[in-house]
Amino acid sequence: MLLQQYFEVRSPQKLGVSEAKRDECLMQVNGKHYRTVWMEGSAVKMINQLLLPHKFEIAALATHKDTAAAIKNMTVRGAGAIGVSAGYAMAQAFLESSDLEYIENAKKHIESTRPTAQNLFYATNRVFNAAKNSAKQKETAMFQAQKIADEDAENCRKIGEYGSALIKDGAKIETHCNAGWLAFCDWGSALAPIYFAKRQGKKVFVYVDETRPRLQGMFLTSWELLNEGIEHRIIPDNAGAYFMSQGIDMMIVGADRIAANGDTANKIGTFEKAIVAREFGVPFYIAAPTTTFDLKCKTGKDIPIEERSEDEVLSVSELADDGIMKKVMLAPQNSHALNPAFDVTPAKYITGLITEKGIVKPNTVEIKRLS
Ligand code: MRU
């Protein structure tokens, strides 16, 4: 009751979407439903995001080390999907051994892959803490890892429900990076409200930031929107101010970690967009499940920012005729680059946080009430 009074919680039934449509599985590729990552026996399976949008392939990872490598090299990426994969990798470690030292080392190894995504640490700790003292370690670890995946999909569906209420018919929405199906188990965070709005019969147009240097917007968000039949255009990263000055109704992006005061780490470039959005009076929303909040970080200054290889800036990868990804150098041979993967948008630029528990203001009091 308190929650209902406090947050802008709306009953899903009142959103005008039938039960059947609400529960419709979203990620359909060639008419078949896929989750981004799942487990079959002791193997972790995932859509290989390094090959999209050119090739649709499933990667199978036999051990926790293989799954950790897939997180590190971004076969799977996006905070939620990284978290689910990390939970499964922890379960693999428990399947591999009953020796606690081995499992603790595996945990450290998995946690060393991507430092910013809070969901990763949420998942490793949850599986480890549930299983370490259990009489049935392997079963408990598998059960928890699966629960994390199922909850991730359900949380994103609720984000879709709440967030869709903010979207008017005919809305023009900008997004940055990829916070859709592929960044979670299903549905996504920033894109879920758009998918939900479409199921409510609203027409939506999406401006997709290309998102240098890894181009998650161009490669992944546009591929998802095509699959969903949603009208969109890919725009250069530096075109945001131009299009916002012409009239964009709102911006929705995801998050990799949210501090206790609402400061939010998201893909590099997000901070600039938020400043531009403020200039043009464009509402700027962050969509994320509560598993992305890290209350141990009091402000954004406490969030660790991943530095990635300069190669990602200096070169591009292309799918060659032989079906193999090849690197093409763009920059002069002796030039070097800097490549922070994320930046932190101060809470003051954020209009609201769309979570599975409702939409809240980015401040310490409202965020604390979510836990
Ligand atoms: O480096 P990535 O692709 O793992 O980065 C994560 C992202 O895709 C974005 O920052 C996203 O907006 C938030 S993840 C749900």
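Presented here is a report on the structure given in the accompanying data block. (Residues numbered from 1 in each chain as written. Predicted model: local features only at pLDDT ≥ 70, side-chain atom pairs only at ≥ 80, totals over all residues. Heavy atoms only, no water.)

### As for the environment of Pro193
Positionally, Pro193 belongs in helix α8 (residues 192-199). Remark: the alpha-carbon pair of Pro193 and Gly180, spanning 13 residues in sequence, is separated by 9.9 Å. If near-sequence neighbours (up to four positions away) are discounted, Pro193 is found in contact with Ile159, Gly160, Gly163, Ser164, Ile167 and Ile252. (Helix = DSSP H or I, 4+ residues; strand = E, 2+ residues; numbered from the N terminus. Contact = heavy atoms within 4.5 Å.)

### Looking at the site of the ligand
In the vicinity of the ligand lie 18 residues, with Arg77, Arg114, Asp256, Asn266 and Lys267 positioned nearest. Within the contact set of the ligand, an oxygen atom lies 2.9 Å away from a backbone nitrogen or oxygen of Gly78. One nitrogen or oxygen atom from the side chain of Arg114 is found 2.7 Å from an oxygen atom belonging to the ligand. Coverage of the ligand by the protein chains reaches 100% of its 400 Å² of free accessible surface. Every element with two or more residues in the shell around the ligand is listed here: α4 (79-96) and β11 (264-267). Taken together, the residues of the shell around the ligand sort by class into nine nonpolar, five polar and four charged. Mapped onto the domain boundaries, the shell around the ligand takes at least three residues apiece from domain 1 (7-156) and domain 2 (166-370). (Near = heavy atom within 4 Å. Polar contact = N/O pair within 3.5 Å; in protein donor to acceptor, adjacent residues only side chain to side chain. Areas by Shrake-Rupley, 256 points an atom, 1.4 Å probe, with all protein chains shown as cover. Nonpolar A, V, L, I, M, F, W, Y, C, P; charged D, E, K, R; others polar. Domains from an automatic or database assignment.)

### A few points about the pattern of salt bridges
Following the criterion strictly, the structure yields 20 salt bridges and no others. For Glu57, the salt bridge is made with Lys55, and the minimal N-O distance between the two is 3.6 Å. The salt bridge partner of Glu154 is Arg157, with a shortest N-O separation of 2.8 Å. In this pair, Glu154 and Arg157 both sit in helix α7 (residues 137-164), three residues apart, roughly one turn of the helix. (Salt bridge = Lys/Arg side-chain N within 4 Å of Asp/Glu carboxyl O.)

### Brief notes about the nonpolar core
By size, the foremost hydrophobic cluster in this structure holds 34 residues, and its most contacted members are Val44, Met46, Val84, Tyr88, Met90, Phe94 and Val127. It is α4 that contributes the most residues to this core, 10 residues altogether. Those residues within four positions of Val44 in sequence are excluded, and the remaining contacts are Val37, Trp38, Met39, Ala59, Ala60, Leu61, Thr67, Tyr88 and Gln92. (Core = buried A, V, L, I, M, F, W, Y, C linked by side-chain atoms within 4.5 Å. Buried < 20%, exposed > 50% of the residue type's maximum accessible area, 1.4 Å probe, protein only.)

### What about the packing of aromatic side chains?
Inspection of every chain in the model, using the stated rule, returns 11 aromatic pairs. Ring geometry for Phe56 and Trp223: centres 6.2 Å apart, planes at 20°, overall stacked. Here Trp223 lies in helix α9 (residues 216-228) and Phe56 lies in the loop between β4 (43-47) and β5 (58-61), a separation of 167 residues in the sequence. Pairing Tyr207 with Phe243 gives two aromatic rings, centres 5.2 Å apart and planes at 40°, and the pair type is tilted. Here Tyr207 is found in strand β7 (residues 204-209), whereas its partner Phe243 is found in helix α10 (residues 240-247), with 36 residues between them in sequence. Classification of Tyr207 as buried rests on a relative accessible area of 11%. Taking relative accessible area as the criterion, Phe243 reaches 23% and is therefore assigned partly exposed. Among the aromatic side chains, those forming a connected cluster through ring pairs are Tyr34, Trp38, Phe56, Trp181, Tyr195 and Trp223. When the ring centre of Tyr34 is taken as reference, the NZ or CZ atom of Lys32 above it lies at 4.5 Å. (Phe/Tyr/Trp six-rings, centres within 6.5 Å; stacked < 30°, edge-to-face > 60°. Lys NZ or Arg CZ within 6 Å of the ring centre and 35° of its normal.)

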